[in-house]
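Each chain, written out:
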Amino acid sequence: MNLTMLNPQQRLAAETLEGPVLILAGAGSGKTRALTYRAANLIDHGVKPWHILCLTFTNKAAGEMKRRIATLVGEETEDAWISTFHSSCARILRRDIEKIGYSRSFAIYDDDDTASVLKGILRQLKIDEKYLSIKEMKGRISAAKNKLLTADEWFAQSERDYRSQIIHDVFCQYEQRMKTLNALDFDDLLMKTLELFADHPPVLESYRDRFQYVMVDEYQDTNYAQYSLVNLLTSQSRNLCVVGDDDQSIYGWRGADIRNILDFEKDYPDATVIKLEQNYRSTANILDAANQVIAHNEERKDKSLWTEKAAGEPISVFCAEDERAEAGWIASKIRHLNLGGAALGEMAVLYRGNAQSRVIEETLMRSGIPYRVFGGMKFYERREVRDVIAYMRVIANPSDDISLTRIINVPKRAIGDSTVQELTRHAQEQQMPLFSALTDLPDTLSVRPRKCVTDFFALMSELMLAQTTQPLDQWIDTLIEKTGLRKQYETEDTDEARNRIENIDELVGAVHEFVQKNPEATLGDYLENIALVTDLDSREENGGYVTLMTMHSAKGLEFPYVFMSGMEEGVFPSGRSSNSPERLEEERRLCYVAITRAMKKLFMSHARRRTIYNTPNYNAPSRFLEEIPGRLTKDESIAQLDEMERSRTRGAARASRPATVRPAAVMRPGDPLSIPGVQKGFVRSESRGLNVKTPMPTLREGDRVMHRKFGEGIVLSTRGTGSDTMARIRFIAYGDKELALSLAPLVKLEE
DNA sequence: GAATAAATTGTTTTT
DNA sequence: CAATTTATTC
């Protein structure tokens, strides 16, 4: 194996093949490279690929690793398991879950599905949602499962008060219901695998024999269940190599336990510890900022990243009037980067919460900048897509009542709520799945609904039969055709309907593609594939669009140009973390993750006024901004004014006729630019005399202008002459406005 | 049973 | 505010 491409630490990581290994890999330190070389080196040393297990958190990371190992060792990697925790567990369970009393055709339920299950239970137990919400219940169950606690065990360690009893009841019902539905939630995938191993030692033994070399990526994000799984598999071979960075632990709220990585050396006193501290990604300025921010955390392993790269450009910081102006600044910067030769695919706008994306989206759309939003409403969460999938799921697993109730009246076929309730009640009495109630009809049902239900059952039978006779790609066409799922939108002449048709077609296309890639694939294979996939996995690098995503989703990615928006107290760090030092440290780690995504240039922005739930908020700049030394930043809120001033003087000097002098523009109370409490940015303008008379710019169609409040815009048209000239201007962030040139604080921008 | 109007309610992050 | 859920009318 040629390891000369690696630095000494990476090389040590790739060469330490036996025994426990801890690789502490800082951001951008080439950890994937070290890991892939290590896997390749194992194979090079005669380890058979099927003895290797690589566990990651995302499909994307797994795919990337698989691809890179393949290029190093050729096509021999097919037999190695390189996949996410969840899909590895699903694969193990598909084989042997019958040993613990489930059917192998089990469905994997996502958040929406489990919420429906819980909703039904809360309704049945007549529990007021205000007393115990679905959201809380989901959280409780997930947290318990992450700690491998059953409902009873959870109750035993709870306060055991009345409310805990209720929670316990719901928890028990949930478990029971999931079993009759033949469904597993995400956490079950791990927990049931461990249950299988605990109850059936020979199964565990077979996997221990198989996986003699185990590697775990992002170890700082493992929860107790994942930790247990890994340690159970490797307790004999002791060939466990984990990679991670305690500074990038950002999933604590989801049960990830940072102690798993902090205590690795306690778990394995003989572990080889390797630190990767050279960063290959970011400029020195960016790295310096990241180091300075994270240094404010108490609980962390001591390490510091360094780089050979030059200082690079300073970090641009911008204080905007409100979130629209912030978005306008971002759009303006993106446009200028793009004009300067940078591809849109090299840029990412990051934010703390998905809700923040909307204003940015609107602004980018208005300025004609192509973008794609990742996270948020995912493709597989669209209603029409879920409807198609629900059909597929019922056909693969007729016990899946949740999916069946979803589609029983989609498209509309006159099976209304009351009929469904009748059927559900009957099924429950007879202890059978809802699907069986479609043939075994309750006597109470009247003639009309009876016919509708029978017709529906005939349709489903037909589809089930077709599924056994047709290849999957042909069958999906049959499904769309016979159900009329596409047709229901064809008659509708709205953008929404067209969009839904587009999504259905895209899903059908995806199935066809899946069959192309896996000719032997069954319906079950396809369903499994989509159950564990997210839209993050579909991101193409260097696409011709700007990437919009949360800071969490950005982990593991890198972009030459990164915008961190909403750098405000209460937004980032999130208001919910302010009362807990641990949570604040996690927010800071998130900030560290976000900063270290940037390769060449980082932009940070905050808004003085931000509208949240329709109420204006005035937030102070984020503490994280203050944790970055001033020598690394450049305040663009002032720079923008400088630019205005420069353009103005230039414009005035060049003006062939005497500049029109206009009366002093006086700031009035209530003017958005003079809200009390301003510390940064535009308030400086007063001291810099920007509010006094300025020459009226001569503008023509197509000119780019900068407005003090509205930011950048393009002149659409002008009318009138002299001091009465009015210009219609399309602002990036604020849309079209008609302004009097003699009054508006406008300057022409030089291209 | 379906279409429409009214009312409610929520916002971190996600494999 | 917008999206979802519930009430009302046909």
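A brief structural summary.

The rules we used
Residues numbered from 1 in each chain as written. Chains lettered and ligands numbered in written order. Predicted model: local features only at pLDDT ≥ 70, side-chain atom pairs only at ≥ 80, totals over all residues. Heavy atoms only, no water. Helix = DSSP H or I, 4+ residues; strand = E, 2+ residues; numbered from the N terminus. Salt bridge = Lys/Arg side-chain N within 4 Å of Asp/Glu carboxyl O. Buried < 20%, exposed > 50% of the residue type's maximum accessible area, 1.4 Å probe, protein only. Axes fitted to C-alpha atoms, helices over the stretch in contact; angles between N-to-C directions. Parallel < 35°, antiparallel > 145°, perpendicular 65-115°, else oblique. Contact = heavy atoms within 4.5 Å. Nonpolar A, V, L, I, M, F, W, Y, C, P; charged D, E, K, R; others polar. Pairing = 2+ DSSP bridges. Right-handed = clockwise from strand over helix to strand, strands pointing away. Patch = residues over 30% accessible without salt bridge, like charges linked within 9 Å, V, L, I, M, F, W, Y side chains within 5 Å. Areas by Shrake-Rupley, 256 points an atom, 1.4 Å probe, with all protein chains shown as cover. Lys, Arg positive; Asp, Glu negative; His and termini not counted. Charge placed at Lys NZ, Arg CZ, Asp CG, Glu CD. Core = buried A, V, L, I, M, F, W, Y, C linked by side-chain atoms within 4.5 Å.

Attention shifts here to the environment of proline 519. Here proline 519 shows up in the loop between α24 (495-517) and α25 (523-531). Residues proline 519 and aspartate 473, 46 residues apart in the sequence, show an inter-C-alpha distance of 9.5 Å.

Our next topic: the pattern of salt bridges. Within the structure shown, the criterion is met by 52 salt bridges. One salt bridge in this structure joins aspartate 111 and lysine 138, with 3.3 Å as the shortest N-O distance. With aspartate 111 in helix α5 (residues 111-124) and lysine 138 in helix α6 (residues 134-146), this residue pair connects regions lying 27 residues apart in the sequence. Residue aspartate 111 is classed as partly exposed on the basis of its relative accessible area of 49%. Of the residues examined, lysine 138 reaches a relative accessible area of 23% and is grouped as partly exposed. Arginine 140 serves as the salt-bridge partner of glutamate 136, at 3.0 Å between the closest nitrogen and oxygen. Note that glutamate 136 and arginine 140 are positioned in helix α6 at a spacing of four residues, about one turn of the helix. The exposure class assigned to glutamate 136 is partly exposed, which follows from its relative accessible area of 25%.

Helix α8 (residues 162-180) packs onto α6 with a crossing angle of 75 degrees between their chain directions and a minimal axis gap of 11 Å. Classified by the angle between their axes, α6 and α8 sit roughly perpendicular to one another. Touching Glu136, Met137, Arg140, Ile141, Ala144 and Lys145 of α6 are Arg163, Ile167, Val170, Phe171, Tyr174 and Glu175, all from α8. When its residues are assigned to classes, the contact of α6 with α8 shows seven nonpolar, no polar and five charged.

A two-sided burial pattern is seen for strand β6 (residues 213-216), the buried positions comprising Tyr213 and Met215 on one face and Val214 and Val216 on the other. Pairing of strand β2 (residues 52-56) with β6 involves four bridges; the strand directions are parallel. Opposite isoleucine 52, over in β6, you have tyrosine 213 as the bridge partner. Of the pairings in the sheet, the one linking β6 to strand β7 (residues 240-244) comprises three bridges and is parallel in character. Its bridge partner being in β7, valine 216 is matched across the sheet by valine 242. Handedness of the β6-helix α11 (residues 224-234)-β7 crossover: right-handed.

Looking at where leucine 625 falls in the secondary structure, it is placed in helix α27 (residues 623-626). In this structure, the C-alpha to C-alpha distance between leucine 625 and serine 237, residues 388 residues apart in sequence, is 47 Å. If near-sequence neighbours (up to four positions away) are discounted, leucine 625 is found in contact with Val317, Met567, Met604 and His606.

A cluster of basic residues, Lys66, Arg91, Arg95 and Arg104, forms a positive patch on the protein surface. Assessed through its relative accessible area of 43%, arginine 104 is described here as partly exposed.

This brings us to the nonpolar core. Counting residues in hydrophobic clusters, the biggest one holds 51 residues, and the most contacted among them are Val388, Met392, Leu423, Phe456, Met460, Trp475 and Leu479. Taken together, the elements giving at least two residues each to this core come down to α17 (383-396), α18 (401-407), α19 (417-429), α20 (434-437), α21 (447-469), α22 (472-483), α24 and α25. Excluding its chain neighbours within four sequence positions, the residues that come into contact with leucine 423 are Ile408, Leu434, Ala437, Leu438, Leu441, Pro442, Leu445 and Val453. Listed in part, the 41 residues of the second largest apolar core include Leu184, Leu194, Leu196 and Ala271.

These values are about where atoms sit, not about what they do.
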